[in-house]
Amino acid sequence: MLGCCCNCEDFDLVCTRLITCKRIEQRNIDGMLIAFQDRLRLPWRGGAKRISPAALAPAFIVPLMMGLAALNAKTGIVLMLTLIGFTSWGLQLAERTATKTTFFLSWIVFSIVYMVVIFEFEVPLLELLPEENYILLLLSGGALYALYRTKKLAPLNLVTAQYGTTPKDELPGITEASSGEEQAEQQAATDTILGIDDDDDDGEGDDGEKAGLMQQHRGGQPNICESCRKVTPRRAYHCAVCGSCVKRRSHHSYWLNCCIGERNYRWYLFALALSECALLLGANLTLTAVCHPFLVVRLLGIPLLLPDDCSEVFEDFELGISFVVAAYAILISGYITFVLVRQLYLWYRGTTLHEFKRVKPSSSSGGIGNGSRNRVWSNWRAMLK
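Residues numbered from 1 in each chain as written. Predicted model: local features only at pLDDT ≥ 70, side-chain atom pairs only at ≥ 80, totals over all residues. Heavy atoms only, no water.

In the nomenclature of an unreviewed UniProt entry, the protein chain is known as Palmitoyltransferase of Drosophila albomicans. The annotation that UniProt attaches to the protein chain under Catalytic activity (unreviewed entry) is "L-cysteinyl-[protein] + hexadecanoyl-CoA = S-hexadecanoyl-L-cysteinyl-[protein] + CoA". Database annotation for the protein chain, UniProt heading Sequence similarities (unreviewed entry): "Belongs to the DHHC palmitoyltransferase family." (UniProt positions renumbered as here; feature names shortened; annotations may be inferred.)

Here you go:
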């Protein structure tokens, strides 16, 4: 029956060798998985759409994990620690192999869906004020829109083959030096990365690494990517996952399955900030609804509550699943806090995560000079425009 429906010779061969206890070759397993991925489709207008198994897996993993964690406290702790280890291992594996996957993006989508469903239908809303629910929905909607804009603007960061002009008497992929404005911008970025102040005239040129960096960034030669052989603007770097150079590349976000660069960096910061507020507010409202709360202070007549005693939440499955979702939101907010603080620090320094990893700031700078302070204020003004 499976052979008639699937018509997959590799699947038949794998099943036969599994039953007969014979060795299964790797190429047969790869062929079977490729056939499954090709035939896993969703009926859609204009034709069936192919669904990646990696994108479909979180739809079953996330609710199964939450349901098991709601059984008792020990199971919840073990599953949360397992989740941290699995996520860290998956991100390291994806970075090491430069794999473009939709698994983490799908994990975010289904996590948001399940958290909203649990909050709206399982959390006792009689304990919440309508204004609190409206504020949470507003923050969640703003975070989702910012994430959508970050994902939507990501293709505009990619360097196209038409960047720059190619003289007729030169080989393809080689152009003249960049304009004076780009050179000035690159010089300022290089000074920030190397920790050099504008008023620094000590003339220390004996550092070979610094001299090489200055020659690379200020030599006036065109930037030609060694991987894709494209002429790139200043501060554009190649992304092995996207397979293209990215303007002012910060990093490749596996959670959004796109690169963060010049055009979507601002929306990325907004998304992080709004997501942090929405997760913390939702977790606090959930915990104060299912646990015994205590009053901290009243602000403009609105009571500010915090959870006090949550020892009875696992006696009922609905309370337990609500508590697990709140703990899951706090876990995610902790990770977002780390990412947001790091990105704001890099913005304050006038550099990106990619440049910070490539060139460590010089320890001899001794602080931020006047020129660096001017660049810091210009960075924040540019973000707030």
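A. Summary view of the side chain of His251. By the secondary structure assignment, His251 is in strand 7 (residues 251-253). The class of His251 is buried, set by a relative accessible area of 13%. Within the structure, the side chain of His251 is placed 3.0 Å from the side chain of Ser250, a separation counted as a polar contact. Among the polar contacts listed, one links the side chain of His251 to the side chain of Tyr268, at a separation of 3.5 Å. Among all residues touching His251, those that are not within four sequence positions of it are Cys259, Ile260, Tyr268, Gln343 and Leu353. (Helix = DSSP H or I, 4+ residues; strand = E, 2+ residues; numbered from the N terminus. Buried < 20%, exposed > 50% of the residue type's maximum accessible area, 1.4 Å probe, protein only. Polar contact = N/O pair within 3.5 Å; in protein donor to acceptor, adjacent residues only side chain to side chain. Contact = heavy atoms within 4.5 Å.)

B. Here's a closer look at the packing of aromatic side chains. Applying the stated rule across the entire model yields 11 aromatic pairs. Ring geometry for Phe86 and Phe103: centres 6.2 Å apart, planes at 75°, overall edge-to-face. Of this pair, Phe86 sits in helix 6 (residues 73-97) while Phe103 sits in helix 7 (residues 103-121); the two residues are 17 residues apart in sequence, bridging distant segments of the chain. Residue class for Phe86 comes out partly exposed when judged on its relative accessible area of 35%. Residue classification places Phe103 among the buried positions, given a relative accessible area of 14%. (Phe/Tyr/Trp six-rings, centres within 6.5 Å; stacked < 30°, edge-to-face > 60°.)

C. Molecular detail of the UniProt feature "transmembrane region" (unreviewed entry) in the protein chain. UniProt's entry tags residues 51-71, 77-94, 101-121, 133-148, 267-300 and 320-341 with the feature "transmembrane region" (unreviewed entry), counted in the numbering of this structure. Overall, residues 101-121 shows 90% helix and 0% strand. The separation of its end C-alpha atoms is 32 Å. Between the C-alpha atoms that bound residues 267-300 the distance is 32 Å, and the span itself is 71% helix and 24% strand.

D. Geometry of the nonpolar core. Met66, Phe104, Trp107, Met115 and Tyr328 are the most contacted members of the largest nonpolar core, which has 44 residues in total. Elements with a minimum of two residues in this core: helix 5 (58-69), helix 6, helix 7, strand 8 (258-260), helix 11 (265-290) and helix 12 (317-349). The element best represented in this core is helix 12, accounting for 10 residues. Core analysis: the second largest hydrophobic core is formed by seven residues, Phe119, Val123, Leu285 and Ala289 among them. (Core = buried A, V, L, I, M, F, W, Y, C linked by side-chain atoms within 4.5 Å.)

E. Quick peek at the packing of helix 5 against helix 7. Running from N to C, helix 5 and helix 7 cross one another at 45°; their axes reach a closest spacing of 9 Å. Relative to helix 7, the element helix 5 is oriented oblique. Where helix 5 crosses over helix 7, the two elements pack in a sense that is right-handed. Here helix 5 contributes Pro58, Ala59, Ile61, Val62, Pro63 and Met66 to the contact with helix 7, which in turn contributes Phe103, Ser106, Trp107, Phe110, Ser111, Tyr114 and Met115. Considered class by class, the residues forming the contact of helix 5 with helix 7 number 11 nonpolar, two polar and no charged. (Axes fitted to C-alpha atoms, helices over the stretch in contact; angles between N-to-C directions. Parallel < 35°, antiparallel > 145°, perpendicular 65-115°, else oblique. Left-handed = near helix turned anticlockwise from the far one by under 90°. Nonpolar A, V, L, I, M, F, W, Y, C, P; charged D, E, K, R; others polar.)

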